[in-house]
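Structure assessment
Here's the letter readout for the chains.
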Amino acid sequence: MTWETATSHGFWIRRLALSSTAPPGGAPERWETLRVRGWRTVPQTMLPAASVFLSSMKTGEDARGARSEGSQNLGLCVLCGLPAAGKSTFARALRHRLQLEQGWAVGVVAYDDVMPNVFLEEVTARPLPSQWKLLRQELLKYLECFLLAVITGCQMSAPPSRTQAMWEDFITCLKDQDLISSAALEAQSQYLLTKTAVSRPLLLILDDNFYYQSMRYEVYQLARKYSLGFCQLFFDCSLETCLQRNGRRPQPLPAETIHLMGGKIEKPNPEKNAWEHNSLTIQSLACASEASLKLTDLLLTALENPIKCVEDDVEQKETDRIICSTNVLHQADQTLRRIVSQTMKEAKDKQVLPYNLKLLAEDLNKLKAEFLEDLRQGNKKYLCFQQTVDLSDVISFFHFKKDNIVQKYFSKQHKNF
């Protein structure tokens with residue numbers, strides 16, 4: 001078969017590997033190796049076209065097929081904890097140590113560096129929580145682009161839909177750590193991987209707060225999709241210490257933000273969540289050296305035991321339930337706040353005495369807190385009669401309990417308030 005008559009790109013690439021004759025206009029000495037699912041030889045002149053096509057063809061299933069036995073070890077390590085808990089300092093030191101002692105390729109992706117003020121030009125402006133969530137998911141797509149390139153041996157292709165400022169920061173992050181070449185074909189949105197990125201075990205450290213389990217689980221899902229290693233490091237630093245460190249920063253976060261996050265943070269719970277079994281708690285940076293052996297063992301275990309693509313149905317259902325509960329909890333929190341606020345406004349309009357307004361606010365906020373805690377605990381008190389949780393059920397029952405409270409502060413003619 002000649003080069004001109006080959007029609008299937010998959011067969012065409014395989015034909016290149018078997019052919020001993022260079023394509024028209026190509027010299028044999030210009031051929032080089034490209035590691036793609038066992039196909040070894042591709043002419044250098046055809047690398048850009050082949051890479052673009054293969055990048056577009058690769059699905060998650062194809063990439064998982066490329067992870068054959070003896071392939072490069074890849075892993076994702078999530079750092080979670082309050083702001084100013086020491087995560088970034090620890091990540092840089094860990095990267096340096098693993099490079100020297102283990103000879104690994106290590107990349108640190110600091111979310112604060114890749115996602116700064118990408119929506120608004122005003123320095124003081126911050127995206128809304130819903131926008132942050134979209135940005136986090138977008139960054140995971142960028143990571144997936146890079147991982148696909150590493151797994152398949154192709155160039156990394158830019159996603160068609162992207163936030164340009166954030167993508168550029170992501171590319172700079174990889175270049176600065178010698179994971180993609182500075183001589184990338186950026187005009188074509190193609191990026192060449194370095195030898196470092198593909199020739200040794202690769203660990204990507206994701207540095208962010210990750211205070212909800214659902215945030216960390218999204219990273220776990222990415223690791224499972226491509227059979228990567230996965231582990232978590234939780235920085236158990238006191239709120240007071242974090243506030244002090246934050247105050248010494250050039251651009252500190254509002255103290256209220258750290259206080260709120262401290263009340264919401266969900267620590268890894270390996271006993272409850274099987275997917276969190278590769279977790280380690282770092283008590284303080286001063287104790288980090290003492291945990292060095294445990295940490296090294298954790299990382300080695302994660303890299304050498306990648307997550308299976310197919311999980312046990314029971315575990316998957318339990319995990320999905322947790323994520324669903326987390327989403328319901330967030331929505332319930334926002335909705336109950338609005339209900340309490342609206343009820344207080346109506347009470348003021350009805351000229352309730354200031355002293356009674358204060359008592360009413362305390363009772364309603366207490367009820368809201370109890371409802372949210374009950375949701376966190378799995379509906380053991382208010383909705384214990386239901387096997388599944390729907391937001392409308394939560395809101396309806398909250399209204400019922402709220403009306404009972406309101407009746408204490410109004411005469412009988414206002415009982416329908």
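It should be emphasised that the depicted structure is a prediction, and the values quoted were computed from it without experimental measurement. (Residues numbered from 1 in each chain as written. Predicted model: local features only at pLDDT ≥ 70, side-chain atom pairs only at ≥ 80, totals over all residues. Heavy atoms only, no water.)

**Concerning the overall build of the protein chain**
We apply this condition: Elements are defined by DSSP. Helices are runs of H or I of four residues or more, strands are runs of E of two residues or more, and each kind is numbered from the N terminus. A contact between two residues is defined here by any heavy atoms of the two lying within 4.5 Å. In short, Shrake-Rupley with a 1.4 Å probe defines the accessible areas, and a residue's cover is counted only from the protein chains shown.
The number of helices and strands found in the protein chain is 15 helices and 9 strands. Taking the intrachain contacts of the protein chain between residues at least 6 apart in sequence as the baseline, contacts between residues at least 24 apart amount to 72%. Counting every atom, the protein chain has about 22500 Å² of accessible surface; 51% of that belongs to carbon and sulfur.

**Considering the pairing of strand 9 (residues 279-282)**
In summary, the side chains of a regular strand alternate between the two faces of the sheet. Test applied: Exposed residues in this analysis have more than 50% of their type's maximum accessible area, buried residues have under 20%, and partly exposed residues fall in between, with area computed by a 1.4 Å probe over protein chains only. Pairing between two strands requires that DSSP report at least two bridges joining them.
Only one face of strand 9 is covered, namely the face carrying Leu280 and Ile282; the face carrying Ser279 and Thr281 is uncovered. Here strand 8 (residues 229-235) pairs with strand 9 via 4 bridges, running parallel. Note that in strand 9 the partner of Leu233 across the bridge is Leu280.

**Observations concerning the pattern of salt bridges**
Note the threshold: The salt bridge definition used is simple: a Lys or Arg side-chain nitrogen within 4 Å of an Asp or Glu carboxyl oxygen.
If you walk through the whole model with that rule in mind, you get 8 salt bridges. Between Glu101 and Arg97 there is a salt bridge whose closest N-O contact spans 3.2 Å. Linking Glu101 with Arg97, this pair stays in helix 4 (residues 87-101), spanning 4 residues, or about one helical turn. We note a salt bridge from Lys345 to Asp349, for which the minimum N-O separation is 3.5 Å.

**Comments concerning the pairing of strand 8**
With 7 of its 7 residues buried, strand 8 lies for the most part within the structure. Across the two faces of strand 8 the burial is the same, with Gly229, Cys231, Leu233 and Phe235 and Phe230, Gln232 and Phe234 all buried. Bridge analysis of strand 3 (residues 74-81) against strand 8 gives 7 bridges, and the strand direction is parallel. By the bridge assignment, Cys80 is partnered in strand 8 with Phe234.

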